[in-house]
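So you can see what is in the structure, the chains are spelled out below.
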Amino acid sequence: MTIAVTKVRVEDKLYQNRYLVDSGRPHIIVRPHDKPSANLLALTYVCPAKCYELNDKGQVEITADGCMECGTCRILCEKGGDIEWNYPRGGFGVLFKFG
Amino acid sequence: MIEQFDAIVVGAGMSGNAAAYTLASQGLKVLQLERGEYPGSKNVQGAIMYANMLEKIIPDFRDDAPLERHLVEQRLWVMDDTSHTGIHYRSDDFNEAKPNRYTIIRAQFDKWFSRKVREAGATVLCETTATELVRDGNGKVIGVRTDRAGGVVFANVVVLAEGVSGLLGTRAGLREMPKPETVAIAVKEMHFLPEEVIGQRFGVKGDEGCVIEAVGTISRSMAGLGFLYTNKESISLGIGCLVSDFAATMESPSALLDAMKNHPSIRPLIAGSEVKEYAAHLIPEGGYRAIPQLFGDGWVIVGDAAQLNNAIHREGSNLAMTSGRVAAEAIIKVKSRNGPMTKANLALYKTMLDDSFVIKDLKKYKDMPALLHTNSSNFFDSYPRLMSHAAQTFMRVDGTPKIEKEKNTTAAFINARSRWGLVSDAVRLALAWR
Ligand SMILES: Cc1cc2nc3c(=O)[nH]c(=O)nc-3n(C[C@H](O)[C@H](O)[C@H](O)COP(=O)(O)OP(=O)(O)OC[C@H]3O[C@@H](n4cnc5c(N)ncnc54)[C@H](O)[C@@H]3O)c2cc1C
Ligand code: SF4
């Protein structure tokens, strides 16, 4: 049994989840940019799966493998054109056992 | 050969299943599309399920639905960093033959509901994402495109039950994208513990359940709510705050959840548990003012996709089930008088929904979302702190005369928010509640 109250890294939390990754077909794409918009930058904190990260050039990159398809990034960044957002193909992506 | 259905339902969540079941059980030819591997595999809920609204669809659901615990106690906790002030309501009346509220686990519940939909005669196609609405030359919706090869399917009417972040309705311009200030992002973990341990910690026996809703400093000045719901052998624990507040504060939802779990009032309740899942989902919080156009030529929209969610009472699944059922009943009525599925005829759905608790409840709280949003640091930080402090001052016996304690407490409230601020918050809250 694990003690739940210690601080757990998001990566370790996602490890509990089931995913069927559609290799080579990411469902979310960050548009190329020089400097991220405020909302895009916020996603490096606000994405609950920590999919968004800053690279060493100060640009925001996404690795969507652990994405829980919540749509937060879409709400914040689709309209402004920072990202292109889709659901994974049918059957792929996160598979909640409990939900 | 082109197959033509009476209705296509997009989504197999609460609203889609209610709609598909109602339509199919009246003999309509129904196709339901679900992008998940199985119904429920994409869905997240607290989750409290309200029996009355399901009973109206499947009266004998208690015979075989996967239900966790029926609720006999509800606690509301107002928290500061080290304490909570609580209101508890518990009644043995809730131990009735047909209990009113249950906790459920959505992945299991949705699978069960979907089986009922199939038994009623609908064709359910999982692992299929609807990608686009198909319209005729006059703009009437006549079907949907899917991500399957050659995947266009046709129907007289499309029921959009695609949930809060659905793509179809927003892309087709039938509804606006939810705004960051009208949706909350919630994160949730499943903490497993033996049944007896849960019983002991929450003071319940057998299938009885207890839920805790928590507001206060756990949301770090953001408009938000934490929850702990007891299932048979697990506790659903989560917290959600407005997306706009998260973007402004750059707080991390998962760190917020970890901090909540570490709160001295919550830590002992989950100590030693095994976490088996971490999930995230949006909740529509815009209320009445965010409801989009609900019907048009060849389409209706139900559930979270239509923002039919009562954030004040944390009810969503029941509004979803009811709107799905009502939309289906309206479609059945139009069909039974051989009417085409036009905007004019489908307006019946709106008329019928206006007459139900769904719209009446949302209308009652139409000003609440804006009030809580613009005032979140008072309602979710200052007041909870003041309340905790007042309670502690009251309980600590230290020789200070009571009259002095009361004066100090009043002064603390006024210092924090000014007399005018307090009065105006109280008045605005009362007006929004009315
Ligand atoms: C953390 C949390 C706690 C909650 N707690 C409660 C609670 O305790 N009580 C309560 O009553 N409500 C609660 N709610 C709200 C409740 O979950 C929702 O109101 C309810 O699930 C809405 O049902 P729906 O059918 O409209 O949408 P959903 O249940 O979200 O279903 C939408 C379905 O459509 C599918 N879909 C979407 N797009 C497509 C597509 N293009 N093609 C095919 N399929 C698609 C999805 O996979 C999904 O199955 C909670 C919500 C959250 C997030
Ligand atoms: S959908 Fe949610 S989990 Fe996925 S990348 Fe966007 S914010 Fe992160």
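Quick caveat: nothing in here was measured; it's all calculated off a predicted structure.

The rules we used
- Residues numbered from 1 in each chain as written.
- Chains lettered and ligands numbered in written order.
- Predicted model: local features only at pLDDT ≥ 70, side-chain atom pairs only at ≥ 80, totals over all residues.
- Heavy atoms only, no water.
- Domains from an automatic or database assignment.
- Contact = heavy atoms within 4.5 Å.
- Buried area = accessible area lost by both parts, 1.4 Å probe.
- Salt bridge = Lys/Arg side-chain N within 4 Å of Asp/Glu carboxyl O.
- Polar contact = N/O pair within 3.5 Å; in protein donor to acceptor, adjacent residues only side chain to side chain.
- Helix = DSSP H or I, 4+ residues; strand = E, 2+ residues; numbered from the N terminus.
- Nonpolar A, V, L, I, M, F, W, Y, C, P; charged D, E, K, R; others polar.
- pLDDT = per-residue confidence, 0-100.
- Buried < 20%, exposed > 50% of the residue type's maximum accessible area, 1.4 Å probe, protein only.
- Near = heavy atom within 4 Å.
- Areas by Shrake-Rupley, 256 points an atom, 1.4 Å probe, with all protein chains shown as cover.
- Phe/Tyr/Trp six-rings, centres within 6.5 Å; stacked < 30°, edge-to-face > 60°.
- Lys NZ or Arg CZ within 6 Å of the ring centre and 35° of its normal.
- Axes fitted to C-alpha atoms, helices over the stretch in contact; angles between N-to-C directions.
- Parallel < 35°, antiparallel > 145°, perpendicular 65-115°, else oblique.

Undergrad: Hey, could you go over the domain arrangement of chain B for me, with residue numbers and the actual values?
TA: Residue and element names in this part refer to chain B. Split by domain assignment, chain B resolves into domain 1 (4-67 + 104-176 + 292-365), domain 2 (181-284) and domain 3 (369-433). Taking only C-alpha atoms into account, the centre of domain 2 sits 25 Å from that of domain 3. On the side of domain 3, eight residues touch domain 2, which itself brings twelve residues to the contact. Interface of domain 2 and domain 3: buried area, both sides summed, is about 710 Å²; carbon and sulfur atoms make up 65% of it. Our count for the domain 2 to domain 3 interface comes out at zero salt bridges. Linking domain 2 with domain 3 are zero residue pairs in polar contact (both at pLDDT 80 or more), by the criterion used here. Listed by contribution, the elements that provide at least two residues to the side of domain 2 that touches domain 3 are strand S12 (208-216) and helix H6 (243-249). For the side of domain 2 that touches domain 3, the residue count by class is four nonpolar, six polar and two charged.

Undergrad: Quick rundown of the confidence of the model for chain A? Include the residues and the values.
TA: Residue and element names in this part refer to chain A. When pLDDT is averaged along chain A, the result is 92; 93% of the residues meet or exceed 70. Per-element confidence in chain A ranges from a low mean pLDDT of 90 for helix H1 (residues 10-15) to a high of 98 for helix H3 (residues 72-77). Residue range residues 1-5 is modelled with pLDDT below 50. Its contacts to residues more than four positions away, or to other chains, number 15 contacts.

Undergrad: Tell me about the interface of chain A and chain B, and please be specific about residues and values.
TA: Accessible area lost when the parts come together is the quantity often used to give the size of an interface. At the junction of the two partners, chain A supplies 44 residues and chain B supplies 61 residues. The interface formed by chain A and chain B includes 27 residue pairs in polar contact (both at pLDDT 80 or more). Contributions of two or more residues to the side of chain A that touches chain B are made by H1, helix H2 (38-46), H3 and strand S6 (93-95) of chain A. With five residues, the top contributor of residues to the side of chain A that touches chain B is H2 of chain A. A per-class count over the side of chain A that touches chain B returns 24 nonpolar, eleven polar and nine charged.

Undergrad: With reference to specific residues and values, describe helix H7 (residues 253-262) of chain B.
TA: Within H7 of chain B, seven of the ten residues are buried, leaving the element largely enclosed by the surrounding structure. Among all positions in H7 of chain B, only Pro253, Ser254, Leu256, Leu257, Asp258, Met260 and Lys261 of chain B are buried.

Undergrad: Which residues make up the site of ligand 1, and what are the values?
TA: Near ligand 1, the surroundings consist of 41 residues, among which Ser15, Glu34, Arg106, Asp304 and Ser317 of chain B are the closest. Neighbouring residues of ligand 1 are distributed over chains A and B. A distance of 3.1 Å is found between an oxygen atom of ligand 1 and a backbone nitrogen or oxygen belonging to Met14 of chain B. Between an oxygen atom of ligand 1 and a side-chain N or O atom of Asn43 of chain B, the distance comes to 3.1 Å. Burial of ligand 1 by the protein amounts to 97% of the accessible area it has alone, namely 1,000 Å². Of all elements in the fold, only helix H1 (14-25), strand S3 (48-50), strand S13 (224-230), strand S15 (274-284) and helix H9 (317-336) of chain B reach the threshold of two or more residues within the shell around ligand 1. Partitioning the shell around ligand 1 into residue classes produces 17 nonpolar, 16 polar and eight charged. The residue makeup of the shell around ligand 1 includes at least three contributed by each of domain 1 (4-67 + 104-176 + 292-365) and domain 2 (181-284) of chain B.

Undergrad: Help me get a handle on the site of ligand 2, residues and values and all.
TA: Neighbouring ligand 2 are 14 residues; Cys47, Cys67, Cys70, Gly71 and Cys73 of chain A lie closest to it. Split by residue class, the shell around ligand 2 holds eleven nonpolar, two polar and one charged.

Undergrad: Tell me what's going on with the packing of aromatic side chains, and back it up with residues and numbers.
TA: By convention here, two paired aromatic rings are described through the distance between centres and the angle between planes. Residues and elements named next belong to chain B. The full count for this structure, using the stated rule, is eight aromatic pairs over all chains. Between Phe61 and Tyr102 the ring centres are 6.2 Å apart and the planes differ by 85°, which places this aromatic pair in the edge-to-face class. Highlighted residues: Phe61 in the loop between helix H2 (51-55) and strand S4 (70-79) and Tyr102 in strand S6 (residues 101-103), separated in sequence by 41 residues. Counting every residue linked through ring pairs, the aromatic cluster contains Phe109, Trp112 and Phe113. When the ring centre of Phe5 is taken as origin, the NZ or CZ atom of Lys29, which lies over that ring, is 5.0 Å away. Looking at Lys276, its charged tip hangs above the ring of Phe192, at a distance of 4.5 Å from the centre.

Undergrad: Could you give an account of the packing of H9 of chain B against helix H11 (residues 357-364) of chain B, with specific residues and numbers?
TA: All names here are of chain B. Axis separation between H9 and H11 bottoms out at 9 Å; the angle between their running directions is 135°. One element, H9, and the other, H11, form an angle in the oblique class. Where H9 abuts H11, its residues Asn318, Leu319 and Thr322 lie against Phe357, Val358 and Leu362. Class assignment of the residues belonging to the contact of H9 with H11 gives a composition of four nonpolar, two polar and no charged.

Undergrad: For the side chain of Thr409 of chain B, give the residues involved together with the corresponding values.
TA: Mapped onto the elements of the fold, Thr409 of chain B is located in helix H14 (residues 402-417). The contact partners of Thr409 of chain B, leaving out residues within four places of it in the chain, are Ala390 and Thr393 of chain B.

Undergrad: If you had to explain the pattern of salt bridges to someone new, which residues and values would you point to?
TA: Residue and element names in this part refer to chain B. Per the stated rule, a full pass over the model turns up 32 salt bridges over all chains. The partner of Asp6 in a salt bridge is Lys335, and the shortest N-O contact between them spans 3.6 Å. With Asp6 in strand S1 (residues 4-10) and Lys335 in helix H9, this pair connects stretches of sequence that are 329 residues apart. Residue classification places Asp6 among the buried positions, given a relative accessible area of 17%. Classification of Lys335 as partly exposed rests on a relative accessible area of 35%. With its nearest N and O atoms 3.6 Å apart, the salt bridge here joins Arg115 to Asp64. Taken together, the residues Arg115 in helix H3 (residues 106-119) and Asp64 in the loop between H2 and S4 connect sequence positions 51 residues apart. A single network of salt bridges, built from pairs that share partners, joins Glu73, Arg75, Arg90, Lys205 and Glu208.

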